[in-house]
Amino acid sequence: MLFSIKNLKYKDILNIEKLNLPEKKIICIVGESGGGKTTLLKMLNKLVSPDSGNIYYKNKDLSEIDAVTLRREVVMLSQSPSIFKGTVKENLLIGI
Ligand SMILES: Nc1ncnc2c1ncn2[C@@H]1O[C@H](COP(=O)(O)OP(=O)(O)OP(=O)(O)O)[C@@H](O)[C@H]1O
Ligand SMILES: [Mg+2]
């Protein structure tokens, strides 16, 4: 499994007993506004951590994976992108 979630709780926002996200699939998370979709995504690369429960990435508990190391593989793209001044090329070169 790419991600497995067990007994995850976060405030009164998320309560997920069990969720498996398989590899090499496109997965859509659907729900009402404020339902916790973005919060769940943020948890997958440790931008937010659960109050209790576990998230496993390739069978390893996220709590045992360094956040920066994880984010080299698990990336979240925001709904509202931040673009710097200049061309697309210049924006891409900033990272290098
Ligand atoms: N940093 C935060 N601290 C506390 N509560 C938050 C925080 N960010 C969001 N929330 C709350 O968490 C709940 C879930 O928000 P979230 O943004 O995950 O929903 P969503 O499903 O992505 O909604 P949308 O469809 O509008 O994008 C909402 O009640 C929101 O107000
Ligand atoms: Mg959202």
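All values derive from a computational prediction rather than experimental measurement.

Trainee: Lay out the pairing of strand β1 (residues 3-10) with the relevant residues and their values.
Mentor: Bridge count between β1 and strand β2 (residues 14-21): 7 bridges; the pairing is antiparallel. What sits directly across from Tyr-10, in β2, is Leu-14. Connecting β1 to the next strand, β2, in antiparallel fashion are 3 residues, including Lys-11 with a positive phi near 45°. Pairing of β1 with strand β3 (residues 52-57) involves 5 bridges; the strand directions are antiparallel. Looking across to β3, one finds that Lys-6 is bridged to Asn-54.

Trainee: Describe the environment of Lys-46, naming the residues involved and giving the relevant values.
Mentor: Its place among the elements puts Lys-46 in the loop between α1 (37-44) and β3. Residues Lys-46 and Lys-89, 43 residues apart in the sequence, show an inter-C-alpha distance of 29 Å. With residues near it in sequence (within four places) discarded, Lys-46 still touches Leu-62, Ser-63, Ile-65, Ala-67, Leu-70 and Arg-71. Engagement of the side chain of Lys-46 in a polar contact is seen with the backbone oxygen of Leu-62, the distance being 2.9 Å. Within polar-contact distance, the side chain of Lys-46 engages the backbone oxygen of Ile-65 at 2.7 Å.

Trainee: Tell me about the site of ligand 1, and name the residues and values.
Mentor: What surrounds ligand 1 is the set Lys-11, Ile-13, Glu-32, Ser-33, Gly-34, Gly-35, Gly-36, Lys-37, Thr-38 and Thr-39. Between ligand 1 and Gly-34 there is a distance of 2.8 Å, counted from an oxygen atom to a backbone nitrogen or oxygen. Note that an oxygen atom of ligand 1 is positioned 2.7 Å from one of the side-chain N or O atoms of Lys-37. Contact with the protein chains hides 51% of the accessible area of ligand 1, taken as 640 Å² for the molecule alone. Along the lines of polarity and charge, the residues of the shell around ligand 1 split into 1 nonpolar, 6 polar and 3 charged.

Trainee: Give a description of the side chain of Ser-4 that names residues and reports values.
Mentor: Structurally, Ser-4 can be placed in strand β1. Ignoring anything within four residues of it in the chain, the contact list for Ser-4 reads Leu-19, Asn-20, Asn-54, Ile-55 and Tyr-56.

Trainee: So, unusual backbone geometry: which residues are in play, and what are the values?
Mentor: The phi angle at Asn-7 is positive, at roughly 50°, despite the residue not being glycine. On the secondary structure map, Asn-7 appears in strand β1. The phi torsion at Lys-58 lies on the positive side, around 50°, for a residue other than glycine. Along the chain, the position of Lys-58 falls in the loop between β3 and β4 (60-61). Lys-58 sits in the partly exposed class, given a relative accessible area of 43%.

Rules and cut-offs
- Residues numbered from 1 in each chain as written.
- Chains lettered and ligands numbered in written order.
- Predicted model: local features only at pLDDT ≥ 70, side-chain atom pairs only at ≥ 80, totals over all residues.
- Heavy atoms only, no water.
- Pairing = 2+ DSSP bridges.
- Helix = DSSP H or I, 4+ residues; strand = E, 2+ residues; numbered from the N terminus.
- Contact = heavy atoms within 4.5 Å.
- Polar contact = N/O pair within 3.5 Å; in protein donor to acceptor, adjacent residues only side chain to side chain.
- Near = heavy atom within 4 Å.
- Areas by Shrake-Rupley, 256 points an atom, 1.4 Å probe, with all protein chains shown as cover.
- Nonpolar A, V, L, I, M, F, W, Y, C, P; charged D, E, K, R; others polar.
- Buried < 20%, exposed > 50% of the residue type's maximum accessible area, 1.4 Å probe, protein only.

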